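Read off the chains here:
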6 protein chains.
Amino acid sequence: MTSDQQPTTHLLGPDVDRARYERGAAVLDAVDGSGGQHVVAALADIAPALAHHVVAYGFGDVYNRPGLTPPQRQLVTLGMLTALGGCEPQLEVHVNAALNVGLSPVEIVEALTHAAVYCGFPKALNAIFVAKRVFAERGLLPVQPPAA
Amino acid sequence: MTSDQQPTTHLLGPDVDRARYERGAAVLDAVDGSGGQHVVAALADIAPALAHHVVAYGFGDVYNRPGLTPPQRQLVTLGMLTALGGCEPQLEVHVNAALNVGLSPVEIVEALTHAAVYCGFPKALNAIFVAKRVFAERGLLPVQPPAA
Amino acid sequence: MTSDQQPTTHLLGPDVDRARYERGAAVLDAVDGSGGQHVVAALADIAPALAHHVVAYGFGDVYNRPGLTPPQRQLVTLGMLTALGGCEPQLEVHVNAALNVGLSPVEIVEALTHAAVYCGFPKALNAIFVAKRVFAERGLLPVQPPAA
Amino acid sequence: MTSDQQPTTHLLGPDVDRARYERGAAVLDAVDGSGGQHVVAALADIAPALAHHVVAYGFGDVYNRPGLTPPQRQLVTLGMLTALGGCEPQLEVHVNAALNVGLSPVEIVEALTHAAVYCGFPKALNAIFVAKRVFAERGLLPVQPPAA
Amino acid sequence: MTSDQQPTTHLLGPDVDRARYERGAAVLDAVDGSGGQHVVAALADIAPALAHHVVAYGFGDVYNRPGLTPPQRQLVTLGMLTALGGCEPQLEVHVNAALNVGLSPVEIVEALTHAAVYCGFPKALNAIFVAKRVFAERGLLPVQPPAA
Amino acid sequence: MTSDQQPTTHLLGPDVDRARYERGAAVLDAVDGSGGQHVVAALADIAPALAHHVVAYGFGDVYNRPGLTPPQRQLVTLGMLTALGGCEPQLEVHVNAALNVGLSPVEIVEALTHAAVYCGFPKALNAIFVAKRVFAERGLLPVQPPAA
């Protein structure tokens, strides 16, 4: 995301707050790729402050912390989005994000197969069919089951 | 869990179904420890079939699969239980489980700090206060923040 | 519920609205028993209108309709309360209600064992442990599994 | 809604219950406009009783009460629908309703930006994109951020 | 489902586990019909283990149990899917399933009208409009209200 | 909250980030009072970063924005916490907050009576009983119904 695409510049305070935003934008690009940029751009004409919070707090403050690796963060995120329900657009972004940070299709499928135990089959199925669309777009089907 | 404690023996079919149950009971012991055994025992006089399904399907069929390591499964689980809400008893079992399979207190705290981005602060706070009780019982407080 | 206990008399409009309320109070007594009366009484000094809506709409308009028998209504209700999560007080009322209208302990346990498939184990376990408390109070433990 | 469009006339009891329905239908028209009428009409051939309850209880009994202004009721409603998740059709009706009763686009956007703190970003984003569609239809984009 | 369509054969263990799967597939066919088969088939190239769990645990172990009749199971299921929210694809399968096992359109509509009391109108409306689509496909509209 | 009580000082970046935190702490004190301070203090030995995010993002960035008045923000918040379910500790803080910023007991009760329409009775009842406890502590019972 180049600086002239930043929809929320007017929300930036002095230097430190800009630093949070720019740090977050870099993480967002690396993790969510075009999916994240699309969300931020779509907020520009309605809720630029919300976009700023997603980028500066979500990605600049939280994703950027040590303590969990990027693949670990996506495992937690896939679990949450599956459990919340009704978050198919965000699941699409984060199945892509999971792949972007190095989780394999097998690990993603296992996470969602595991999710059925805790969330029940309907939410797990909704999530797996989002993953199937993403995998199809990226030429990752069929997924080979893990060797025992 | 010794065989004379198995509340669901009468549900076991022939040899293969018994194998699923016994495999699951071993995984349950290793992951959830006494928390898991307590749940199974508490179901004995009301819903032994549900206990059987937790053990044989949840732990025998799912937890036992390759594709995700035990710490990875607990990260997904912590995300789901935080997002579902109202699952404090299960969070207590699984914060313990997360420690049992090798996640550090820092990793658990990071997962829940991360959860606030997706689930909001109320659910993240409910989960962190469950973790605080478990950490206190196991002498793990204060948690040192991760080095930057 | 005798008329001098009715906390919401002041909300009653002319005769027909009173008829809705009185019809609902009779159904509430028959289905939820003292659990329902306790809820209505507890609302008297804070939200009598909400109590009126529970009684007149919930029980007078809906529960009183043909189309489903009282046991059928409790099966739907047990499914909903288990799925919503965090509704343990209402589950306690409605496990009692289910027994009051003639569902057996086995049918209630089966409904909650079935619920795990759709809601996941944590919510099903939370519900079954509410049922266990109610069954214990009413001397209904242990529950004998259904004959195959 | 003219009387010959009322799908639930057969549900109406004597005069008072009809009064509840007609009072509710007037409030529904004023608040939800065509969105509310569309829902009631769509229920006519499947669940006219449910339509009656929406109108007579939801709008006749509750919306019509003193204690909160119509804009205050829509702020509560926007918070609930965002938090529930999966209620995009109702959010569309109620973003329109919020505008109809005098909330400004800025107030609606602020409510949803605020919602992210309590519900997390995914649900807040789902809600804001519903608002964006409604605002676009009504020529209200771009929304000018509030002056500091 | 003929044996050469079984996507999860490689997951089957020895004879007993195969028995669970085949028993579940028969129940799935009887209850969910083509909707259930479609889900299982759609999982074949991404998550055959999840399909196996749906069939062997969900339908082979749970649906097949005594204690509740098939129509009773669908009443619980309709309640849960309405309450969970965001499960419209599963509601479509299970409104069909409810009809397949002998619940009448009136009973289904009553269950969803009842659901509004516990889940609120938005989730009840989302469910009833799924039912309306299914009833339309099966030529079951308009639904005649139950006689008082 | 005096500066020597700030548990998250070590998280503060240079001057602007400190400004966000201090602005948020002032808003948190004004809105949530001792309830908010208690939460922040309780996080000090386990998740000081989460406390920092609550204060700096939640209260410094969001609550502090123009566009909604403090009472309006609490109406949205009461709606969300009621709908989420399982957030009784946060409801207790925010019923107090609602009173602190000038909402009357009648307005709070009306918001929760309204909530039943969208969330169903169980969640509305859970919320109203939290409000009842807060009102009792503050000597605000009985609540007089609004004049028609």
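Every value quoted in this text rests on a predicted model; they were computed, and no experiment measured them.

The next thing to look at is the overall build of chain A. Secondary structure summary: chain A contains 7 helices and 0 strands in total. In chain A, the order of α-helices and β-strands from amino to carboxyl end is α-α-α-α-α-α-α. A burial count over chain A gives 65% of its 148 residues as buried. For chain A, contacts bridging at least 24 residues in sequence account for 66% of all contacts bridging at least 6. Just so you have it, chain A exposes about 4,700 Å², and 55% of that area is on carbon and sulfur atoms.

Take the packing of aromatic side chains next. According to the stated counting rule, one finds 21 aromatic pairs over all chains in the structure shown. Ring geometry for A:Tyr57 and D:Phe121: centres 6.0 Å apart, planes at 55°, overall tilted. Highlighted residues: A:Tyr57 in helix H3 (residues 48-63) and D:Phe121 in helix H7 (residues 121-137), drawn from two different chains. A network of ring pairs unites the aromatic residues A:Tyr57, B:Phe121, D:Phe121 and F:Tyr57 as a single cluster.

The next subject is the relation of the copies chain F and chain D. Expressed as a screw operation, the relation of chain F to chain D combines 0.0 Å of axial shift with a rotation of 180°, fitting to an RMSD of 0.0 Å. In symmetry terms, the pair is related by a two-fold rotation axis. The residues that chain F uses at the interface reappear at the interface of chain D in 100% of cases, marking a shared surface.

Here the focus is the relation of the copies chain C and chain E. Mapping between the two chain copies consists of a rotation about an axis together with a translation along that axis. At an RMSD of 0.0 Å, chain C and chain E line up after a rotation of 180° and a shift of 0.0 Å along the axis. By residue overlap, the copies meet face to face through one surface: 100% of the interface positions of chain C are interface positions in chain E.

Listed as interface residues are 37 residues of chain C and, on the opposing side, 37 residues of chain E. Summed over both partners, the interface of chain C with chain E comes to about 3,100 Å²; 70% of that surface belongs to carbon and sulfur atoms. A per-residue breakdown of the area chain C buries against chain E is headed by C:Met80, C:His114 and C:Tyr118, which together make up 22% of the total. Here C:Glu110 makes a salt bridge to E:Arg73, at a shortest N to O gap of 3.1 Å. Counting every contact that joins chain C to chain E gives 14 residue pairs in polar contact (both at pLDDT 80 or more). Where the side of chain C that touches chain E is concerned, the elements lending two or more residues are helix H3 (48-63), helix H4 (70-84), helix H6 (105-119) and helix H7 (121-137) of chain C. The element contributing the most residues to the side of chain C that touches chain E is H6(C), with 11 residues.

Here we take up the confidence of the model for chain A. Residues and elements named next belong to chain A. For chain A, per-residue confidence averages 90 on the pLDDT scale, and 88% of positions sit at 70 or higher. Counting interchain partners and residues more than four positions distant, the pLDDT-below-50 stretch residues 1-10 has 19 contacts. Here the complex is predicted with pTM 0.93, and the ipTM for its interfaces comes to 0.90.

The next subject is the side chain of F:Asp61. Along the chain, the position of F:Asp61 falls in helix H3 (residues 48-63). When sequence neighbours within four positions are dropped, the list of residues in contact with F:Asp61 reads A:Arg20, A:His53, F:Arg20, F:Arg23 and F:Ala56.

Residue and element names in this part refer to chain B. Across the interface, helix H6 (residues 105-119) lies against helix H7 (residues 121-137) with an axial gap of 7 Å and an inter-helix angle of 165°. With respect to each other, H6 and H7 are oriented roughly antiparallel. The chirality of how H6 crosses H7 is right-handed. Two secondary-structure elements touch here, H6 through Pro105, Ile108, Val109, Leu112, Ala115, Ala116 and Cys119 and H7 through Phe121, Lys123, Ala124, Ala127, Ile128, Ala131 and Phe135.

Quick look at the interface of chain F and chain D now. A common way to state how big an interface is: give the accessible area lost once the parts meet. In this complex, chain F contributes 37 residues to the contact, which on the side of chain D involves 37 residues. Together, the buried faces of chain F and chain D total about 3,100 Å²; carbon and sulfur atoms form 69% of this surface. Here chain F is connected to chain D by 4 salt bridges. We note a salt bridge from F:Glu110 to D:Arg65, for which the minimum N-O separation is 2.6 Å. One can count 14 residue pairs in polar contact (both at pLDDT 80 or more) joining chain F with chain D. Of all the secondary structure elements, the ones that give two or more residues to the side of chain F that touches chain D are H3, helix H4 (70-84), helix H6 (105-119) and helix H7 (121-137) of chain F. Here the side of chain F that touches chain D gets 11 residues from one element, more than from any other, and that element is H6(F). For the side of chain F that touches chain D, the class distribution of residues is 24 nonpolar, 8 polar and 5 charged.

Applying the stated criterion across every chain yields a total of 0 disulfides over all chains. B:Cys119 supplies the cysteine sulfur nearest to A:Cys87, a cysteine that is in no disulfide, at a spacing of 9.0 Å. Of the residues examined, A:Cys87 reaches a relative accessible area of 1% and is grouped as buried.

Before going further, it helps to examine H4(F). Residue and element names in this part refer to chain F. Given a rise of 1.5 Å per residue, 15 residues ought to cover 21 Å, and the 21 Å separating the end C-alpha atoms of H4 matches this to within 8%. Burial of H4 is extensive: 13 of the 15 residues sit out of reach of the surface. Where H4 terminates, the next one or two residues include glycine 85, which has phi positive at roughly 80°.

So, about empty space enclosed by the protein. Evaluated as defined, the whole model comprises 13 cavities of 30 Å³ or more. Taken as a whole, the largest cavity holds about 240 Å³ of empty space. In this structure, the largest cavity is lined by 24 residues; those nearest its centre are A:Leu84, D:Leu84, D:Lys123, E:Leu84 and E:Lys123. Elements with a minimum of two residues in the lining of the largest cavity: helix H4 (70-84) of chain A, helix H4 (70-84) of chain B, H4 of chain C, helix H4 (70-84) of chain D, helix H4 (70-84) of chain E together with H4 of chain F. Taken together, the residues that form the lining of the largest cavity break down as 12 nonpolar, 6 polar and 6 charged.

Residue and element names in this part refer to chain E. The first and last C-alpha atoms of helix H7 (residues 121-137) sit 24 Å apart over 17 residues, in line with the 24 Å expected at 1.5 Å per residue. When you tally the buried positions in H7, you get 12 out of 17 residues, the bulk of the element. Within H7, the full set of buried residues consists of Phe121, Pro122, Lys123, Ala124, Leu125, Asn126, Ala127, Ile128, Val130, Ala131, Val134 and Phe135. In the segment just after H7, glycine 139 is the residue with positive phi, at about 65°.

The next subject is the pattern of salt bridges. Residue and element names in this part refer to chain C. One pass over the full model with this rule turns up 35 salt bridges over all chains. For the salt bridge of glutamate 22 with arginine 18, the shortest nitrogen-to-oxygen distance reads 4.0 Å. Taken as a pair, glutamate 22 and arginine 18 lie in helix H1 (residues 15-32) at a separation of 4 residues, close to a single helical turn. Accessibility expressed as a relative area gives 39% for glutamate 22, which makes it partly exposed.

Let us look at the environment of F:Leu43. As for its placement among the helices and strands, F:Leu43 is situated in the loop between helix H2 (34-42) and H3. Separated by 28 residues in sequence, F:Leu43 and F:Pro71 have C-alpha atoms that sit 27 Å apart.

Scoring rules and cut-offs
Residues numbered from 1 in each chain as written. Chains lettered and ligands numbered in written order. Predicted model: local features only at pLDDT ≥ 70, side-chain atom pairs only at ≥ 80, totals over all residues. Heavy atoms only, no water. Helix = DSSP H or I, 4+ residues; strand = E, 2+ residues; numbered from the N terminus. Buried < 20%, exposed > 50% of the residue type's maximum accessible area, 1.4 Å probe, protein only. Contact = heavy atoms within 4.5 Å. Areas by Shrake-Rupley, 256 points an atom, 1.4 Å probe, with all protein chains shown as cover. Phe/Tyr/Trp six-rings, centres within 6.5 Å; stacked < 30°, edge-to-face > 60°. Least-squares fit on C-alpha atoms with pLDDT ≥ 70 in both. Buried area = accessible area lost by both parts, 1.4 Å probe. Salt bridge = Lys/Arg side-chain N within 4 Å of Asp/Glu carboxyl O. Polar contact = N/O pair within 3.5 Å; in protein donor to acceptor, adjacent residues only side chain to side chain. pLDDT = per-residue confidence, 0-100. Axes fitted to C-alpha atoms, helices over the stretch in contact; angles between N-to-C directions. Parallel < 35°, antiparallel > 145°, perpendicular 65-115°, else oblique. Left-handed = near helix turned anticlockwise from the far one by under 90°. Nonpolar A, V, L, I, M, F, W, Y, C, P; charged D, E, K, R; others polar. Disulfide = S-S within 2.5 Å. Expected span 1.5 Å × (residues − 1). 1 Å grid on protein atoms, 1.4 Å probe; cavity = no way out; pocket = protein on both sides within 12 Å on 5 of 7 lines; lining within 4 Å. Points joined across faces, edges and corners; volume = space filled by probe spheres on them.

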